[in-house]
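Here is how the chains run, residue by residue.
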Amino acid sequence: FSYHPRHPHLPTSATPFPHCSPGTSPGRLPPFPPPKTLTTPRTAAMEQANPRAGSARNRKVVLRDYISRAPREDDMALVDGGAVPLRVPEGAAGPAVLVKNLYLSCDPYMRGRMRDFHGSYIPPFKPGSVIEGLGVARVVDSTHPGFVAGDIVSGMTGWEEYSLIDKPEQLNKIQQSDIPLSYHLGLLGMPGFTAYVGFYEICSPKKGEFVFVSAASGAVGQIVGQLAKLHGCYVVGSAGTNEKVELLKDKFGFDAAFNYKEEPDLTAALKRYFPEGIDIYFENVGGPMLDAVLLNMRMHGRIAVCGMVSQHGMTDPAGIHNLFCLVPKRISMKGFIQSDYINLFPQFLDYMTKHYKDGKIAYLEDMSIGLENAPAAFVGLFSGLSNTILLFLVCNLMTLTLPAGRPRQHFPLQDLEVNRTKSMSPSAEIHRFKRVVPVQLLQVVPSALAALTGKGMT
């Protein structure tokens, strides 16, 4: 019998197997029925977001009031922002872009924006207004010549379903590839760029040097350690659980790691792991850890101060006792903001993409689903629940991996009905998906059937 000209594994004429109905064979599905409309609760909801409808409901997460302690879930609220027109408003002051948010990230710096403090490099949030953060989004409408509807972009947006971006020049257009879109908020986004700038521009590493990374399983730390290994350095990381310690050694390739909560004397612990001293310290936590590091630094050591998460929830931050070590040891200690080096971003993107595709850099992310889970996700960032970068999927985009030779394809959730189940572990796979693939989607990609069913998709 004959075969389909584009898909040789699919028969087009009656099968010679007598026990099968016409058009089928053992282990194969019957021919596709004609296209039909799939109606699900999620499909009905997404119809509100159809540009032809003119508007859509816009849920958003707002900050209730300023805080001077560690964040709690009730410091934020999910509210109905009403109907938002799916067009850039006419008469806007300048070019603007309306986006549908796909992925949003929870980052430690956002904690500082919850204080009534105006002396930082970025202004605080406004109580009652939507929380801002980095995200990946799809352009719905644009009056900026550099963006058109359908473009996928990354940049500063709001914790809401739709955002109007009045500074579109700050957005980065994403060229879709086989790298997950969410990675543009982590490995290929601000955390990855922070690691790249801090390690190469601030630390000026040399092959064979001794490197210590605190909060090493975090979004930035995990990448710093791997960059140091690629550079030929000896790398040790600290983390807050034994699970994270094993992750650093087994997944990210650190030479050694330890649980700082199990070390009664941090100075002695660092002396044990660095008997010859530390050349480079990538600082993420501050407090007692920084004091212990200063006593263990080598001559002409370098410290890149990325953050001090241990001090974020304190109204009266703890002081450092061993700063005098900077003088006799000639230590260089420098704070930095990744945006000051934005001219290096294209170089970083090429470098990181190549090493990731070559399998030389591993990456993990934690993901929650839905805006309603954003406050809990953010609070978990400061309680040690997250191993890596913490993201949440706003609504919308699942990735379908096709057989070899075919690119990854992205489909909106109106094409995929998702039943969500929270796992018991807060690690990289917070949510597992059971995907129900509609007939019309399978008609588009019949060659993917075997791959789909092999992955438990029904």
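With an unreviewed UniProt entry as reference, the protein is termed Enoyl reductase (ER) domain-containing protein, source organism Aegilops tauschii subsp. strangulata. Per UniProt, the comment on the protein under Subunit (unreviewed entry) is "Homodimer."

### Description of the overall build of the protein
Along the protein, the regular secondary structure elements total eleven helices and 19 strands. When burial is assessed residue by residue, the protein has 50% of its 458 residues classed as buried. Pairs at least 24 apart in sequence give 65% of the contacts found in the protein among residues at least 6 apart. As displayed, the protein offers around 21900 Å² of accessible surface, 55% of which is attributable to carbon and sulfur atoms.

### Describing the sheet that holds strand β10 (residues 256-259)
Pairing in this open sheet of six strands is parallel, and the strands run β10-β9-β8-β11-β12-β13 from one edge to the other. Each edge of the open sheet carries a strand with a single partner, namely β10 and β13 (332-335). When strand polarity is set aside, the average angle formed by the axes of neighbouring strands in this sheet is 15°.

### A word on empty space enclosed by the protein
Under the definition given, this model contains one cavity of 30 Å³ or more. When its volume is computed, the largest cavity comes out at roughly 40 Å³. Contributing to the lining of the largest cavity are V99, N101, G135, A137, V153, S154, G155, M156, T157, I165 and L171. Elements represented by at least two residues in the lining of the largest cavity include exactly β3 (97-106), β4 (132-142) and β5 (152-158). When its residues are assigned to classes, the lining of the largest cavity shows six nonpolar, five polar and no charged.

### Let's talk about unusual backbone geometry
Located in the positive-phi region is S204, a residue other than glycine, with phi close to 45°. Of note, S204 is situated in the loop between α3 (190-202) and β8 (210-213). Since its relative accessible area comes to 39%, S204 is described here as partly exposed. Positive phi, normally seen in glycine, also occurs at A215, with a value near 50°. Looking at the element boundaries, A215 is found in the loop between β8 and α4 (221-230).

### Some remarks on the packing of α4 against helix α8 (residues 345-357)
Running from N to C, α4 and α8 cross one another at 80°; their axes reach a closest spacing of 13 Å. Classed by the angle they form, the pair α4 and α8 counts as roughly perpendicular. Across the interface between the two elements, I223, L227 and L230 from α4 touch Y351, M352 and H355 from α8. Within the contact of α4 with α8, the residues separate by chemical class into five nonpolar, one polar and no charged.

### Digging into helix α5 (residues 242-250)
Listing the buried residues of α5 in full gives K244, V245, L247 and L248. Down the axis of α5, the smallest arc covering the buried residues is 160°, so these residues share one side. Each element contacted by the buried residues of α5 is listed here: β9 (234-239) and β10.

### Some words on the pairing of β4
Extensive coverage of β4 is indicated by the burial of nine of its eleven residues. Relative to β4, β3 is paired through seven bridges, and the arrangement is antiparallel. Of the residues in β4, the one forming a bridge with Y103 is V136. Pairing of β4 with β5, which is carried by seven bridges, proceeds in the antiparallel orientation. Opposite R138, over in β5, you have I152 as the bridge partner.

Parameters at a glance
Residues numbered from 1 in each chain as written. Predicted model: local features only at pLDDT ≥ 70, side-chain atom pairs only at ≥ 80, totals over all residues. Heavy atoms only, no water. UniProt positions renumbered as here; feature names shortened; annotations may be inferred. Helix = DSSP H or I, 4+ residues; strand = E, 2+ residues; numbered from the N terminus. Buried < 20%, exposed > 50% of the residue type's maximum accessible area, 1.4 Å probe, protein only. Contact = heavy atoms within 4.5 Å. Areas by Shrake-Rupley, 256 points an atom, 1.4 Å probe, with all protein chains shown as cover. Pairing = 2+ DSSP bridges. Axes fitted to C-alpha atoms, helices over the stretch in contact; angles between N-to-C directions. 1 Å grid on protein atoms, 1.4 Å probe; cavity = no way out; pocket = protein on both sides within 12 Å on 5 of 7 lines; lining within 4 Å. Points joined across faces, edges and corners; volume = space filled by probe spheres on them. Nonpolar A, V, L, I, M, F, W, Y, C, P; charged D, E, K, R; others polar. Parallel < 35°, antiparallel > 145°, perpendicular 65-115°, else oblique. Arc of directions from axis to C-beta.

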